[in-house]
Amino acid sequence: MYRRIRIDKKNYFYYISIKGQRNQPLFFSNYDIQKYIRFFNEIQNKHDLEIYAYCFTKTEALFLIKRNLQELHKFFHKLNTKYALYFNGKYKAVGYVFQDRYNP
């Protein structure tokens with residue numbers, strides 16, 4: 001089975017959806033959300049993206065982002081890897097945290 005090719009163009013706006021594995025929670029507390037936002041801000045400072053809006057629910061994170069020069073997949077790979085390491089370490093879990101790649 002093949003993966004659909006993503007459109008990733010400079011100066012475009014993207015609505016991004018990131019979901020927990022099997023619709024399991026990504027965030028169990030406000031501290032988890034704050035940690036994700038902290039990781040997000042750290043990584044965003046190194047990439048050329050503009051964040052216009054975001055929303056967090058228990059099972060997903062949603063973003064409205066304008067991509068300038070940096071490719072989206074590099075940004076979200078770093079962000080989701082960092083959060084998955086934190087999440088699995090804190091909750092002593094193993095395996096995937098996210099359902100799939102981010103969904104534009």
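Structure's up top.
First, a word on what this report is: a plain description of the structure on this page. Quick caveat, the model's predicted, so the values are computed rather than measured.

## So, helix α1 (residues 30–44)
Alright, step 1. Its 15 residues place the ends of α1 21 Å apart at the C-alpha level, agreeing with the 21 Å of an ideal helix rising 1.5 Å per residue.
Alright, step 2. When we look at burial in α1, the residues that qualify are Asp-32, Ile-33, Lys-35, Tyr-36, Phe-39, Phe-40, Ile-43 and Gln-44. Seen from one end, α1 has its buried residues packed into an arc of 165 degrees, which puts them on one side.
Alright, step 3. Contacts from the buried residues of α1 go to β1 (12–19), β2 (49–56), β3 (60–67) and α2 (72–90).

## Remarks on a nonpolar patch on the surface
Alright, step 1. On the surface, Phe-13, Tyr-15, Tyr-52 and Leu-64 cluster together into a nonpolar patch covering about 430 Å² of accessible area.
Alright, step 2. Tracing the sequence through the fold places Tyr-15 in strand β1.

## Here we look at the side chain of Gln-44
Alright, step 1. Mapping Gln-44 onto the fold places it in helix α1.
Alright, step 2. Gln-44 gets classed as buried once you look at its relative accessible area, which sits at 18%.
Alright, step 3. With residues near it in sequence (within four places) discarded, Gln-44 still touches Leu-49, Ile-51 and Phe-75.

About the cut-offs
Residues numbered from 1 in each chain as written. Predicted model: local features only at pLDDT ≥ 70, side-chain atom pairs only at ≥ 80, totals over all residues. Heavy atoms only, no water. Helix = DSSP H or I, 4+ residues; strand = E, 2+ residues; numbered from the N terminus. Expected span 1.5 Å × (residues − 1). Buried < 20%, exposed > 50% of the residue type's maximum accessible area, 1.4 Å probe, protein only. Arc of directions from axis to C-beta. Contact = heavy atoms within 4.5 Å. Patch = residues over 30% accessible without salt bridge, like charges linked within 9 Å, V, L, I, M, F, W, Y side chains within 5 Å. Areas by Shrake-Rupley, 256 points an atom, 1.4 Å probe, with all protein chains shown as cover. Salt bridge = Lys/Arg side-chain N within 4 Å of Asp/Glu carboxyl O.

So, to be careful, I would describe these as geometric facts and stop short of saying anything about function.
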